[in-house]
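Next come the chains, spelled out residue by residue.
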Amino acid sequence: MRRELGMFVALLLMCGALWVSNPSFVEQANRFYTSRQIAMLTIYAVGIAFVIITGGIDLSVGSVIGLTGVIVAKLSAPPPGMRLPLVLGIGVALGVALLVGLIQGLLITRLDLQPFIVTLGFMLLLRGVSQTIALGGNITITDQQVVTLSGGGTQTTHFPALTHYMDLVKGGLFYVHGTPLLSWPVLICLVVIGIGGYILHYTVFGRYVYAIGGNRDAAEYSGIPVKRVETLTYVISAGMAGLAGILYAAFIKNMDAQHGQSYELIAIAAAVLGGCSLRGGEGTVIGVLIGCMIMQIIDNGFNYFRIGNWVPNENWKAIVNGAVILVAVILDRTVHIVQSKRRTRRAGLAAASPQPTVEVVSPGAA
Amino acid sequence: MNTVPLLEMRGITKRFPGVLALQDVSLHLQSGEVLALMGENGAGKSTLMKILGGAYLPDGGEIRIDGSVVSLNGIREAKRLGIALIHQELMLAPNLDIAGNIFLGNEPRRFGLVTPLSRTRMNAAAAALLRRVGLGLPPTTPVSTLTAGQMQMVEIAKALALNARIIIMDEPTSSLTAGESQQLFSIIHQLKQDGIGVIYISHRMEEVLMLADRITVLRDGKYVGDLDRAGASQDKIVNMMVGRELSGHYFPDRPAPPPIGHPVLVVNGIIVPGAPAPVNMIALRGEILGFAGLVGSGRTELMQTIFGVTRPLGGVMTLDGAPYRPRNTRDAIARGVYLAPEDRKRHGLVLPMTIAQNTSLPDIRNYAPLGFLHRRKERQVAEAGVARLRTRTPSVYQKTVNLSGGNQQKVVLAKWLAMNPKVLILDEPTRGIDVGAKAEIYRHMAALAAEGITILMVSSEMEEVVKMSDRVVVMRERRIQGILPREGLSQERIAQLMTAKVARETAA
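Structural notes, computed from the coordinates.

Calculation criteria
- Residues numbered from 1 in each chain as written.
- Chains lettered and ligands numbered in written order.
- Predicted model: local features only at pLDDT ≥ 70, side-chain atom pairs only at ≥ 80, totals over all residues.
- Heavy atoms only, no water.
- Pairing = 2+ DSSP bridges.
- Helix = DSSP H or I, 4+ residues; strand = E, 2+ residues; numbered from the N terminus.
- Axes fitted to C-alpha atoms, helices over the stretch in contact; angles between N-to-C directions.
- Core = buried A, V, L, I, M, F, W, Y, C linked by side-chain atoms within 4.5 Å.
- Buried < 20%, exposed > 50% of the residue type's maximum accessible area, 1.4 Å probe, protein only.
- Expected span 1.5 Å × (residues − 1).
- Arc of directions from axis to C-beta.
- Salt bridge = Lys/Arg side-chain N within 4 Å of Asp/Glu carboxyl O.

Here's the deal with the sheet that holds strand E13 (residues 288-292) of chain B
Residues and elements named next belong to chain B.
Link 1 in the chain: Taken in spatial order, the 6 strands line up as E16-E17-E18-E13-E19-E20 in an open sheet, and their pairing is mixed. Two strands bound the open sheet, and with one partner strand each, they are strand E16 (337-340) and strand E20 (479-485). Direction aside, neighbouring strands of the sheet carry axes that sit 20° apart on average.
Link 2 in the chain: Pairing of E13 with strand E18 (residues 454-458), which is carried by 4 bridges, proceeds in the parallel orientation.

Here you go:
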């Protein structure tokens, strides 16, 4: 929990500094916007955390997010979409996401392929699939279709289902000044955190996930169905990415093949910031949430941070982002080294103090 | 001690988290001398040698070579001073050839790292070194094709390539055949002639008494004393190592005529992958069936087949009369067949998890009737295990990585005992465990057998095999050479079957 606590303190300091530098950071409009971004990131970061804790990696997440969005748009949006029922579009998109996770999981566990390579392959492949579906252009999700009639007038068709769908990222509960205090994505995210945290920390499955990440061989020798559990983690990761993809599509609306690119790297960075180790066996859902908050608040805070009239250069965003990750892991490691040194010294003293008397026997000639 | 010693270590102290590994230990070595370093597991031999090899920095004390103080900070520095450490687990790169391994990290490089490797020069130099160690193989042979003995020779050649003056050998014969060991001994004699000082770590008394000019004994991280060859005897060494007379209390009394139980596990014509012949054996209820053999004799592989890790290529097994065909470890565990593996850290425990979590791991479904983990039950079962085996730990929430070898083994045992074993396979149950914990584990084994549990015990410690087993299965080159009853069991009889070629007829 050391990493989680440290990151939580860092998060509070960051928010405090942003608030002091620019009070509009905590205004309702920005709270709504930022919490929604954090929520959508957290949903799929929790999924990827399952994979990371078993010691694997999933690079296909961003492509899955892109693909689900494109599928929803293709199936349910007005032309160039196919105007099929929205339920079908979402159902197929989620189904495809789960299937992708299953195939990846089976390839990794049954053929003993490396997760990095398999998911890298799917990252590239799915990107191409999205591009093919979008025919290289883009499909816009909108709730009305305007058709020019032969007589010269226009006729507008409305799609109430799509209106509700797009409201998914605008609406919520407890409205303040016209925006909800708890948006639907935040509520969905809370449910994901609740269920994900419960599974990871309180169930047999969760224990298996940690055991596999801690020592795969020992888990095998303890009779754990290692391959099945590992496969499932990839299904979970892809499924969560699909869920996030559906929300992102409602938010971004304009679906093209580039949508979701490099999202997986942000999620991996957030998970590591929050205490997951890429070696496996470590990490908590709360930590992942904190990591996601930090990633998104840096992103958003950049637009708000100022000292007097000085505003940071927009181009520095990526530099700051990368530096925060590096500083976090360096600090964490340093604290760890210092602590274990101190423990060694203390243990040495403790072992040395109750000194039993030893007689030195030297039989034979010296 | 007429001259300045080649090597002198004085007052060496080393601390690790939770232990004082070495306390004021001293040792000296003349050139052309073979010094045996002896002590029980955990006595501090390996730590002392790792300090000498530059892998650890001591917390106190000084090291002198040729009388002048040196600081061995780093393996490279130790090598530069002519100290070569040959590890028990050989450290060769299997993907390189012999010459590449001999000069690994020691490549001739005039222009730093970008110097092109001169294969011809390396091969010529390697060939000369191989002649010195009596290994008649071309230097371009891939190391992955060598036997354990040949790899040992390559390690020695590697030490010679560094112009080593001090060579440390850690259990060099543990994986060698008798013939290979003989060859190693003659090389050691050759090294002596060349004025090289050899520090020889071994548990095998006969070897030590035959090879060593002098013996230094450690116990619990402290220097106990020196014996010279003339004054040394097995009894004296053991007394110094253990600090007390080894008496009958060390091994529990086993019932004189072994109990005659009904067959529990019947192995009939099982073909272990890689084995030349099928295996037949029967394990009875309540017996301790010992498995003796050299490293690589196929004992561990047979156990893994019984435990469902690897599937046999043919044959049948029955358990309590019913067919037993484990497809994986889960099937074996479901039938009450458990394995405490040889390599605890790799196969036995999830080290970053706690004692409680490790104890419940194989049986975790029974801790979660509705998928929700019952943590109080987990704690109670783990605490019962700790109490039963007297595991030394502050609490069951201690991570197993922080436990000593003996206590780790107790956690592995506790996790299986909590599940009422029918057949318990113990692969090297006391390897890396201190004497006190050993005696406790023997007592538990005897008690479990008396309860009717069948124990299959793979062991490379002869005394353990002879004292604990009701019957002994002797294996050699992946075949069963013979099954010896308790009466007339002796170390000599087992050793004969383990090593001698003539014995094959008795088995056939």
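Brief notes about the nonpolar core
Link 1 in the chain: Residues Tyr44, Ile141, Tyr165, Ile224, Tyr248 and Val288 of chain A are the most contacted members of the largest nonpolar core, which totals 98 residues.
Link 2 in the chain: Among the elements that take part in this core, helix H2 (residues 28-53) of chain A stands out by supplying 14 residues, more than any other.
Link 3 in the chain: Core analysis: the next-biggest nonpolar cluster, separate from the first, contains 65 residues, Ile333, Ala356, Leu417 and Leu448 of chain B among them.

Details of helix H4 (residues 119-132) of chain B
Residue and element names in this part refer to chain B.
Link 1 in the chain: Here H4 contains 14 residues, and its C-alpha end-to-end distance of 20 Å stays within 8% of the 20 Å for a straight helix at 1.5 Å per residue.
Link 2 in the chain: For H4, the complete set of buried residues consists of Met122, Asn123, Ala126, Leu129 and Leu130. Viewed along the axis of H4, the buried residues span an arc of 125°, placing them on a single side of the element. Seen from the buried face of H4, the exposed residues on the opposite side, beyond 90 degrees, are Thr120, Arg121 and Arg131.
Link 3 in the chain: Backbone geometry just after H4 places glycine 134 at a positive phi near 70°.

Things to note about the pattern of salt bridges
Link 1 in the chain: Under the definition given, this model contains 27 salt bridges over all chains.
Link 2 in the chain: Between glutamate 378 of chain B and arginine 207 of chain A there is a salt bridge, with its nearest N and O atoms 2.6 Å apart. A residue pair is termed interchain when its members come from two chains, as with glutamate 378 of chain B in helix H13 (residues 375-389) and arginine 207 of chain A in helix H8 (residues 204-214).
Link 3 in the chain: Accessibility expressed as a relative area gives 6% for glutamate 378 of chain B, which makes it buried.
Link 4 in the chain: A salt bridge links aspartate 299 of chain A to lysine 317 of chain A; its shortest N-O distance comes to 3.6 Å. Of this pair, aspartate 299 of chain A sits in helix H12 (residues 285-301) while lysine 317 of chain A sits in helix H13 (residues 317-352); the two residues are 18 residues apart in sequence, bridging distant segments of the chain.
Link 5 in the chain: Under the relative-accessibility criterion, aspartate 299 of chain A is labelled partly exposed at 31%.
Link 6 in the chain: Its relative accessible area of 17% is what places lysine 317 of chain A among the buried residues.
Link 7 in the chain: Look at the salt bridges and you will find they share partners, linking Glu8, Arg10, Glu62 and Arg64 of chain B into a network.

Just geometry here; none of it tells us what the structure is for.
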